[in-house]
Amino acid sequence: MNPSPEVSVVIPVYDEQAILYDAVAGLLERLAARGVSFEVVLAENGSRDRTLDVARELESRHPEVRHLSLPEPNYGKALKQGILAARGAIVVADEIDLLDVDFQVEAIARVRAGADLVIGSKLMAGARDRRPLFRHLGSLVYTGLLRAAVGYSGTDTHGPKALDRARLLPIVEACCLDRDVFASELAVRATRADLSVVELPLTIQEKRPPSVNLLRRVPAVLKNLAQLAYFTRRSSPHLDPPTALAGEPGQAAVGPDGYRSRDGLEQR
Ligand SMILES: Nc1nc2c(ncn2[C@@H]2O[C@H](COP(=O)(O)OP(=O)(O)OP(=O)(O)O)[C@@H](O)[C@H]2O)c(=O)[nH]1
Ligand SMILES: [Mg+2]
């Protein structure tokens with residue numbers, strides 16, 4: 001194991017036994033070929049299939065891989081836990097069905113050059129979204145809701161990302177929403193905190209349909225978006241959590257100075 005890799009690639013995984021082994025093995029080869037000093041953190045939770053066994057096998061065969069596991073399926077919690085556990089100064093957050101190393105390398109270069117958070121966008125000019133049309137429309141509707149609810153100025157929050165771990169850590173710790181909306185809360189908080197947030201266009205081609213049906217995710221997403229809107233309105237521009245949600249681990253570490261407002265995202 002490299003005790004101090006420059007980059008930690010954090011990948012939440014859930015019920016991915018079919019593609020996990022080959023996807024990670026391929027990623028290790030491609031990143032090594034690009035000369036990146038890295039580790040891979042598989043953040044599993046709640047899988048009902050053999051995902052955890054495959055993650056353990058990857059970990060035992062490849063010193064660059066380690067895994068984390070929690071019982072409850074929750075994408076946002078897994079990603080947050082992975083970022084907190086990462087050793088690299090730069091964290092790449094990705095999805096097991098994507099793992100576009102060209103994007104990763106460019107995003108890493110942007111962070112090295114001073115960006116705090118780089119968000120891959122499926123929806124900005126120059127992006128190519130090769131998912132089915134209803135999924136593309138779903139992403140457009142989601143971003144529209146985010147704009148209406150919290151005035152988010154970017155085009156996407158759910159794509160692969162790279163971040164400066166030290167700069168983003170207080171914000172990650174302050175996030176109190178989980179599941180699908182954690183990634184949005186992170187992007188919203190970062191843009192409001194006077195951090196340098198950059199979008200890069202993605203070419204997106206999934207290796208398989210999503211593990212959780214899009215429509216089944218809608219009620220929880222709407223509820224979490226409503227919470228995000230609620231405490232954004234109450235506390236704008238600092239985006240402190242409402243009293244009812246305060247007191248979660250790590251929130252005290254973030255002072256109001258961490259949340260200066262910012263006009264918008266930088267785009268390439
Ligand atoms: N740990 C964990 N990972 C999850 C969970 N749900 C999804 N994932 C992982 O998150 C990544 C993206 O999941 P997908 O099923 O492809 O969902 P998607 O609709 O493409 O995701 P978005 O692009 O974020 O909307 C994959 O690596 C999944 O294995 C979960 O409940 N827990
Ligand atoms: Mg997917």
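Draft legend 1. Examining helix 4 (residues 101–112) more closely. The end-to-end C-alpha distance of helix 4, which contains 12 residues, comes to 16 Å, matching closely the 16 Å that a straight helix rising 1.5 Å per residue would cover. Residues Phe103, Gln104, Ala107, Ile108, Arg110 and Val111 constitute the buried set of helix 4. Buried residues of helix 4, seen end-on, are gathered within an arc of 160 degrees and therefore sit on one face of the element. Residues of helix 4 that are buried sit in contact with strand 1 (7–13), strand 4 (90–93), strand 5 (117–121), strand 7 (161–164) and strand 8 (197–201). Remark: Gly114 follows helix 4 within two positions and exhibits a positive phi of approximately 125 degrees.

Draft legend 2. Main features of the environment of Val65. Turning to its location among the elements, Val65 is positioned in strand 3 (residues 65–70). Placed 57 residues apart in sequence, Val65 and Ser8 show a C-alpha to C-alpha distance of 9.8 Å. Residues contacting Val65, with those up to four places away along its chain left out, are Val24, Val40, Leu42, Leu58 and Glu59.

Draft legend 3. Up close: the confidence of the model for the protein chain. Of the residues in the protein chain, 87% reach a pLDDT of 70 or more, and the chain-wide mean stands at 88. The model gives residues 242–264 a pLDDT under 50, and that stretch makes 34 contacts with residues more than four places away or in other chains.

So, how was this worked out
- Residues numbered from 1 in each chain as written.
- Chains lettered and ligands numbered in written order.
- Predicted model: local features only at pLDDT ≥ 70, side-chain atom pairs only at ≥ 80, totals over all residues.
- Helix = DSSP H or I, 4+ residues; strand = E, 2+ residues; numbered from the N terminus.
- Expected span 1.5 Å × (residues − 1).
- Buried ≥ 20, exposed ≤ 12 C-beta atoms within 10 Å, placed from the backbone.
- Arc of directions from axis to C-beta.
- Contact = placed C-beta atoms within 7 Å.
- pLDDT = per-residue confidence, 0-100.

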